[in-house]
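So the chains spell out like this:
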Amino acid sequence: MACKRGALIVLEGVDKAGKTTQCKKLVQALQQSGSPAEMMRFPDRTTTIGQLISAYLEKKSDLEDHTVHLLFSANRWELVPLIKKKLEQGTTLVVDRYAFSGVAFTSAKPGFSLDWCKNPDVGLPKPDLVMFLKLSPAEAAQRGQFGEERYETSAFQKTVQQKFEHLMNDSSVNWQVIDASKSVDDVHEDITTHSLNTINTAQNLQLGELWK
Ligand code: TMP
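Predicted, not measured: the structure shown is a model, and the values here were computed from it.

Colleague: Kindly report on helix α1 (residues 19-32), identifying the contributing residues and their values.
Modeller: When the terminal C-alpha atoms of α1 are compared, their 20 Å separation across 14 residues agrees well with the 20 Å that a helix rising 1.5 Å per residue should span. Of all the positions in α1, only Lys19, Gln22, Cys23, Leu26, Val27 and Leu30 are classed as buried. Down the axis, α1 shows its buried residues gathered within 135 degrees of arc, on one side only. Facing away from the buried side of α1, by more than 90 degrees, are the exposed residues Lys24 and Gln32. For α1, the secondary structure elements touched by its buried residues are β1 (8-13), β2 (37-41), β3 (92-96), β5 (129-134) and α9 (184-202). Note on α1: the residue one or two positions beyond its end, Gly34, has a positive phi of about 90 degrees.

Next up, the structure:
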């Protein structure tokens, strides 16, 4: 019998919401419960395209806004064969940011429509679950200073949050809003519950195509 496929689980949210911590904790918890799981993150800064993106984020290089948007998308597409292979092998993928960050961040720049931003990512493997770690800008500010990278200012993050809110109105995507103001352990519990439910249902469903 063919093995049951893994689930594609994405964590999204503005900076300081705790995405990376929660992704790591979720992968660990799934592995400990005997469910094969691995973490991925976007941008994946290890590839050639990822290195261009990384230099841009670190402000070591400048890229035209449309160009960098397409590079972020290409960075996802170049990993699609690996994503599909892992899922088919029964491994659940826990992904730190995906196309939703791509759209929210670029459309927060002047002159970019949501539609234009979504287009290059249409047809990517569709996540079985997207959890949005919700944290108000005031609570994010209490968690300390932003870093030095591009986009790490409270004014820009506020616009990004509004764009995410817009994307969450799309019922073709399985969004779950998680209250990220709770303790790390409480957030982890919420995330694990949603993920286990999703892993159960996804194994009998075909992988979908995003925004198609
Ligand atoms: P991170 O590596 O700390 O998650 O940061 C990546 C930065 O890149 C973050 O500010 C969000 C931004 N970003 C985009 O602008 N477009 C994208 O497609 C992705 C995945 C991230």
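Colleague: Can you explain the site of the ligand? Please cite residues and give values.
Modeller: Taken together, the neighbourhood of the ligand is formed by Arg41, Phe42, Pro43, Arg45, Leu57, Phe72, Arg76, Arg97, Ser101, Gly102, Phe105 and Tyr151. Between the ligand and the protein, one listed contact pairs an oxygen atom with a side-chain N or O atom of Arg97 at 2.7 Å. Between the ligand and Gly102 there is a distance of 3.4 Å, counted from an oxygen atom to a backbone nitrogen or oxygen. If the ligand stood free it would expose 480 Å²; the protein chains cover 91% of that surface. With three residues, helix α5 (residues 99-107) is the single largest residue contributor to the shell around the ligand. Residue classes in the shell around the ligand are distributed as six nonpolar, two polar and four charged.

Colleague: Kindly report on the packing of aromatic side chains, identifying the contributing residues and their values.
Modeller: Counted by the stated rule, this structure contains ten aromatic pairs. Their ring planes at 50 degrees and their centres at 5.5 Å tell us that Phe105 and Tyr151 sit as a pair that is tilted. With Phe105 in helix α5 and Tyr151 in the loop between α7 (137-142) and α8 (154-167), the pair connects residues that are 46 residues apart, well separated along the chain. Looking at Tyr151, the relative accessible area reads 13%, which means it is buried. Through pairs of rings, three or more aromatic residues link up here, namely Phe42, Tyr98, Phe100, Trp175 and Trp211. Positioned above the aromatic ring of Tyr56 is the side chain of Arg150, whose terminal nitrogen or guanidinium carbon lies 3.9 Å from the ring centre.

How each quantity is defined
Residues numbered from 1 in each chain as written. Predicted model: local features only at pLDDT ≥ 70, side-chain atom pairs only at ≥ 80, totals over all residues. Heavy atoms only, no water. Helix = DSSP H or I, 4+ residues; strand = E, 2+ residues; numbered from the N terminus. Expected span 1.5 Å × (residues − 1). Buried < 20%, exposed > 50% of the residue type's maximum accessible area, 1.4 Å probe, protein only. Arc of directions from axis to C-beta. Contact = heavy atoms within 4.5 Å. Near = heavy atom within 4 Å. Polar contact = N/O pair within 3.5 Å; in protein donor to acceptor, adjacent residues only side chain to side chain. Areas by Shrake-Rupley, 256 points an atom, 1.4 Å probe, with all protein chains shown as cover. Nonpolar A, V, L, I, M, F, W, Y, C, P; charged D, E, K, R; others polar. Phe/Tyr/Trp six-rings, centres within 6.5 Å; stacked < 30°, edge-to-face > 60°. Lys NZ or Arg CZ within 6 Å of the ring centre and 35° of its normal.

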